[in-house]
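Residues per chain, in single letters:
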Amino acid sequence: MPQLEKRFEVEPRNFVRAGEASLRVQRTLRDIGFGEHIIRRASVCAYEAEMNIVMYGGKGEIVLTVDPDEIILQINDDGPGIEDIEAALQEGFSTASAEYREMGFGAGMGLPNIKRNADFLDIRSGRNKGVRLKIVFHSKGKQQ
Ligand SMILES: Nc1ncnc2c1ncn2[C@@H]1O[C@H](COP(=O)(O)OP(=O)(O)OP(=O)(O)O)[C@@H](O)[C@H]1O
Ligand SMILES: [Mg+2]
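Presented here is a report on the structure given in the accompanying data block. Predicted, not measured: the structure shown is a model, and the values here were computed from it.

### With respect to the pairing of strand E3 (residues 70-77)
Within E3, six of the eight residues are buried, leaving the element largely enclosed by the surrounding structure. In terms of strand pairing, strand E2 (residues 60-66) meets E3 through seven bridges, oriented antiparallel. Bridge pairing in E3 links Ile-62 to Ile-75. Between E2 and E3, which follow one another and run antiparallel, lie three residues. Of the pairings in the sheet, the one linking E3 to strand E5 (residues 131-138) comprises eight bridges and is antiparallel in character. Bridge pairing in E5 links Glu-70 to His-138.

### As for unusual backbone geometry
Positive phi values are uncommon outside glycine, yet Arg-13 reaches one of about 65 degrees. Examined against the element boundaries, Arg-13 turns out to sit in the loop between strand E1 (4-10) and helix H1 (20-32). Arg-13 gets classed as partly exposed once you look at its relative accessible area, which sits at 44%. If you check the backbone angles, Asn-128 has positive phi at about 60 degrees while not being a glycine. Checked against the element boundaries, Asn-128 lands in the loop between strand E4 (120-125) and E5.

### Details of the pattern of salt bridges
Going through the model one piece at a time under the given rule, you end up with ten salt bridges. Among the salt bridges present, the one from Arg-41 reaches Asp-119, with a minimum N-O distance of 3.1 Å. Taken as a pair, Arg-41 in helix H2 (residues 36-56) and Asp-119 in the loop between helix H5 (110-117) and E4 lie far apart in primary sequence, 78 residues in all. Classification of Arg-41 as buried rests on a relative accessible area of 12%. Residue Asp-119 is classed as partly exposed on the basis of its relative accessible area of 39%. For Glu-83, the salt bridge goes to Arg-127, with nearest N and O atoms at 3.2 Å. Separated by 44 residues along the polypeptide, Glu-83 in the loop between E3 and helix H3 (85-88) and Arg-127 in the loop between E4 and E5 bring together distant segments of the chain.

### Examining the sheet that holds E5
Strand order in the open sheet made by the five strands is E1-E2-E3-E5-E4, with antiparallel pairing throughout. The strands lining the two open edges of the sheet, one partner per strand, are E1 and E4. Strand-to-strand, the axes of this sheet are offset by a mean angle of 10 degrees, without reference to chain direction. In the packing of H2 onto the sheet, contacts are made with E1, E2, E3 and E5, and the angle to E3 comes to roughly 5 degrees.

### Considerations on the pairing of E2
Among the seven residues in E2, six count as buried, and that is most of the element. Alignment of E1 against E2, held across seven bridges, turns out to be antiparallel. In the sheet register, Val-10 faces E2, and the bridge partner there is Gly-60.

Cut-offs and rules
Residues numbered from 1 in each chain as written. Chains lettered and ligands numbered in written order. Predicted model: local features only at pLDDT ≥ 70, side-chain atom pairs only at ≥ 80, totals over all residues. Heavy atoms only, no water. Buried < 20%, exposed > 50% of the residue type's maximum accessible area, 1.4 Å probe, protein only. Helix = DSSP H or I, 4+ residues; strand = E, 2+ residues; numbered from the N terminus. Pairing = 2+ DSSP bridges. Salt bridge = Lys/Arg side-chain N within 4 Å of Asp/Glu carboxyl O. Axes fitted to C-alpha atoms, helices over the stretch in contact; angles between N-to-C directions. Contact = heavy atoms within 4.5 Å.

As structure tokens, then:
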């Protein structure tokens, strides 16, 4: 049985609340007592995935599960989805609009960054199928 499960909503196109869900993930992990390194890795992944939902996705959520030896982030949205996942994982690939680029997004580094920071990443998507990310971090106690 999971030790803890928390669910945080992510609202597409809401730039006022953008970053709130990943901040809550970070605070929850800090309250539990995880080490800074694993908290930073999980927070980066949560933030990048949250911003992708805000910019490209549909109604979404971050589900945080903390087991004895792992932190699991399941980040889902019901938006238009990603047609070519391999392409989207390449550094520099982005469909960001000029407006998003002016805001400082669109380097095409979000998904590669998630992959780099995660111990395990599974992406399920397709045209009009939304996006489901499963991101796992091995924690072995709480000291990493
Ligand atoms: N939740 C999502 N729904 C639909 N498309 C997505 C979603 N997440 C990512 N994508 C697509 O994958 C591309 C790559 O995402 P990635 O996060 O790597 O880069 P980016 O968001 O474009 O730029 P950056 O993250 O560096 O600001 C996006 O440009 C978008 O086309
Ligand atoms: Mg991104």
